[in-house]
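Report on the structure
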Amino acid sequence: MRGRELRGELDAFLGEHEQDLVEFRRDLHRYPELAFAEYRTTQRIADRLGAAGLLPSVLPRGTGLICDVGSGDGPTVALRADIDALGLQDEKEVSYRSTVPGSCHACGHDVHTTILLGTSLFLAQQAAAGLLPGRVRLIFQPAEELPGGALEVMAHGGITGVDRIFGLHCDPRLDVGHVGLKPGPITSACDKLVVRVSGPGGHTARPHLTADLVFALAKVLTELPAALSRRVDPRSSLSLVWGKVEAGSAANAIPDDGVAEGTVRCLDENAWHAAPDLIKALLDSVAGAYGIEAQMEYVRGVPPVVNDEMSVEMLAEAAQRALGPGSVAPTQQSLGGEDFAWYLESVPGAFARLGTRSPGGETYDIHQGTFDVDESAIGMGVRLMAATALTALWESSPVTATDPITSLA
Ligand SMILES: [Zn+2]
Ligand SMILES: [Zn+2]
């Protein structure tokens, strides 16, 4: 089966399964589970895959699973969905509203999970009919929001032997039926920085006998971001912004310690890797100039998701095949983080934005208690993911007489 038949096969599959998938999503939405506690969710997915004759393998912690479809011959393409919910209150008035206080699928991971389940069932049918020219690895990843679930998957061999990997995220700013694509970086890095300073305190009448710690801390607060902006390529948009500072307790006493906390955001992967050492060197030099001790705690978040160009082309071809011409829209790099980035440090691949807004409807942003999707996005997502996996397998297999691209004409 090649390009032209695919659309008809997907129509037939979704005609039979789409309503069931919507119900599956609503069930997950009613029972959201936070990072590394997705036991029920994992069981639901495993049950459905098992019923389709697949052999899911649950990760050792008991949340998240991996499952291969197809034979070991030919290339391996991975598809990833994140399955965890967020710790915030569901504010929607819908029949499938969260039943768990303070927990909600407000980032659309219930939708991602359902899309990958539907894709799995479709690909299992294809494999049974001998139409899968390779292997597809399904990754139902726990704990994206923590983040860290991607590292858990990788630690257990989740992307070993994988040639290419794809994922997607709901985009409430894009109408349903559209796919936002961008080669290169599409999300950003965000890390946390804590600086603790200390030095001899004393009376404000005699600052010269102390380290004049509040003044020195103020120098750190202003000079560190300023020096940083002069030491890295401005295109990397590496920025340090403070959000919290504490020192002292009285107007006339110089304290002997203080602390400042902030975030480091970055659009560029190389600059992100270099950031901790650079910030430490700048901190030491400012602290040395004012005679204080400075310690830095640098808490890594995630790197930027950097899309591989060829993988983005495969997504674009797949979108045109499965959703029709005009379905692809350019998208911007966001300042948000996404732990799919960890996979792309090891394997080429790409991350797409899937339109979830009802045309003409309101935009309900993610990470809000009011977030919801136009559920026709589930069928669109299945079309996109299934077509992407097949496109990637076709294009990694030896070219045959019926080239998949020319058969589109
Ligand atoms: Zn999120
Ligand atoms: Zn998310």
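Here's what I pulled together on the structure shown here. Model, not experiment: these values are computed from the prediction. (Residues numbered from 1 in each chain as written. Chains lettered and ligands numbered in written order. Predicted model: local features only at pLDDT ≥ 70, side-chain atom pairs only at ≥ 80, totals over all residues. Heavy atoms only, no water.)

On the protein side, the zinc ion (ligand 1) has Cys-107 (SG), Glu-145 (OE) and His-367 (NE2) as donor atoms, found 2.0 to 2.2 Å from it. One chain supplies every donor for the zinc ion (ligand 1), spaced along it as C-x37-E-x221-H. For the pair the zinc ion (ligand 1) and the zinc ion (ligand 2), the metal-to-metal distance amounts to 3.1 Å, and Cys-107 bridges them. You can see Cys-107 sitting in the loop between strand 3 (76-82) and helix 3 (109-128) and its partner His-367 sitting in the loop between strand 16 (349-357) and helix 9 (376-396), a full 260 residues away along the chain. What makes His-367 partly exposed here is its relative accessible area of 36%. (Donors = N, O, S within 2.8 Å, 3.2 Å for Na, K, Ca; no water. Helix = DSSP H or I, 4+ residues; strand = E, 2+ residues; numbered from the N terminus. Buried < 20%, exposed > 50% of the residue type's maximum accessible area, 1.4 Å probe, protein only.)

Sheet architecture is open: eight strands sit in the order 1-2-4-3-5-16-6-15, paired in mixed fashion. The outermost strands of the open sheet, each flanked by one partner alone, are strand 1 (57-58) and strand 15 (328-330). In terms of strand pairing, strand 6 (residues 179-181) meets strand 16 through two bridges, oriented antiparallel. Residue Gly-180 lies in a different strand from strand 16, and its bridge partner there is Arg-353. In this fold helix 2 (residues 39-51) packs onto strand 1, strand 2 (65-70) and strand 4 (135-141), with an angle of close to 20° to the strand it touches most, strand 2. Where helix 3 meets the sheet, its contacts fall on strand 2, strand 3, strand 4, strand 5 (164-175) and strand 16, and the angle it forms with strand 3 comes to roughly 150°. (Pairing = 2+ DSSP bridges. Contact = heavy atoms within 4.5 Å. Axes fitted to C-alpha atoms, helices over the stretch in contact; angles between N-to-C directions.)

Our next topic: the packing of aromatic side chains. For the structure on display, the rule yields five aromatic pairs. The structure contains a cluster of three or more aromatic residues connected by ring pairs, namely Phe-340, Tyr-343 and Phe-351. Geometry around Phe-36 places Arg-61 over its ring, the cationic atom sitting 3.7 Å from the centre. (Phe/Tyr/Trp six-rings, centres within 6.5 Å; stacked < 30°, edge-to-face > 60°. Lys NZ or Arg CZ within 6 Å of the ring centre and 35° of its normal.)

What follows deals with the coordination of the zinc ion (ligand 2). Octahedral metal centres with six donors ideally show angles of 90 or 180 degrees, and tetrahedral centres with four donors ideally show 109.5 degrees. At 2.1 to 2.4 Å from the zinc ion (ligand 2) lie its protein donor atoms, namely Cys-107 (SG), His-109 (NE2) and His-169 (NE2). Counting along the primary sequence, the residues that act as donors to the zinc ion (ligand 2) give the motif C-x1-H-x59-H. Here His-169 falls in the buried class, since its relative accessible area comes to 9%.

Turning next to the pattern of salt bridges. Across all of its chains, the model carries 26 salt bridges by this definition. Ionic pairing is found between Asp-175 and Arg-357, a salt bridge with its closest N-O pair at 2.8 Å. Linking Asp-175 in strand 5 with Arg-357 in strand 16, this pair joins segments that are 182 residues apart in sequence. Accessibility expressed as a relative area gives 21% for Asp-175, which makes it partly exposed. Residue Glu-297 is joined to Arg-196 by a salt bridge in which the shortest nitrogen-to-oxygen separation is 3.4 Å. Of the two residues, Glu-297 sits in strand 13 (residues 293-299) while Arg-196 sits in strand 8 (residues 189-198), which places them 101 residues apart along the sequence. By relative accessible area, Glu-297 is classed as partly exposed at 38%. Using a relative accessible area of 42% as the deciding quantity, one classes Arg-196 as partly exposed. Connected through shared salt-bridge partners, Arg-25, Arg-26, Asp-110, Asp-372 and Glu-375 make up one network. (Salt bridge = Lys/Arg side-chain N within 4 Å of Asp/Glu carboxyl O.)

What follows is about helix 3. Taking 1.5 Å of rise per residue, 20 residues should cover 28 Å, and helix 3 covers 28 Å from first to last C-alpha, within 8% of that figure. Helix 3 sits mainly inside the fold: 17 of its 20 residues count as buried. Of the residues one or two after helix 3, Gly-130 is the one with positive phi, at around 75°. (Expected span 1.5 Å × (residues − 1).)

The backbone of Ala-143 sits at a positive phi, close to 50°, despite the residue not being glycine. The phi angle at Asp-212 is positive, at roughly 45°, despite the residue not being glycine. Relative to the helices and strands, Asp-212 is located in the loop between strand 9 (202-203) and helix 5 (213-231). Its relative accessible area of 26% is what places Asp-212 among the partly exposed residues.

Let's shift gears to the packing of helix 2 against helix 3. The geometry of helix 2 relative to helix 3 is characterised by a closest axis approach of 10 Å and an angle of 15° between their N-to-C directions. Put simply, helix 2 runs roughly parallel to helix 3. In this structure, helix 2 meets helix 3 at a crossing whose hand is right-handed. Listed contacts from helix 3 to Ile-45, Arg-48 and Leu-49 of helix 2 are Thr-113, Leu-117, Ser-120 and Leu-121. (Parallel < 35°, antiparallel > 145°, perpendicular 65-115°, else oblique. Left-handed = near helix turned anticlockwise from the far one by under 90°.)

A few words now on helix 5. A rise of 1.5 Å per residue sets the reference length of helix 5, with its 19 residues, at 27 Å; its end C-alpha atoms lie 26 Å apart and thus fit the reference within 8%. In helix 5, a bend of some 30° at Glu-223 exceeds every other bend along the element, and Pro-225, a proline, comes one to four places later. Buried within helix 5 we find Leu-213, Ala-216, Leu-217, Val-220, Leu-221, Leu-224 and Leu-228. Tucked into the core, helix 5 has its buried residues touching strand 8, strand 10 (239-247), strand 11 (253-254), strand 12 (257-266) and helix 6 (269-290). (Bend = angle between axes of the 7 residues up to and from the residue.)

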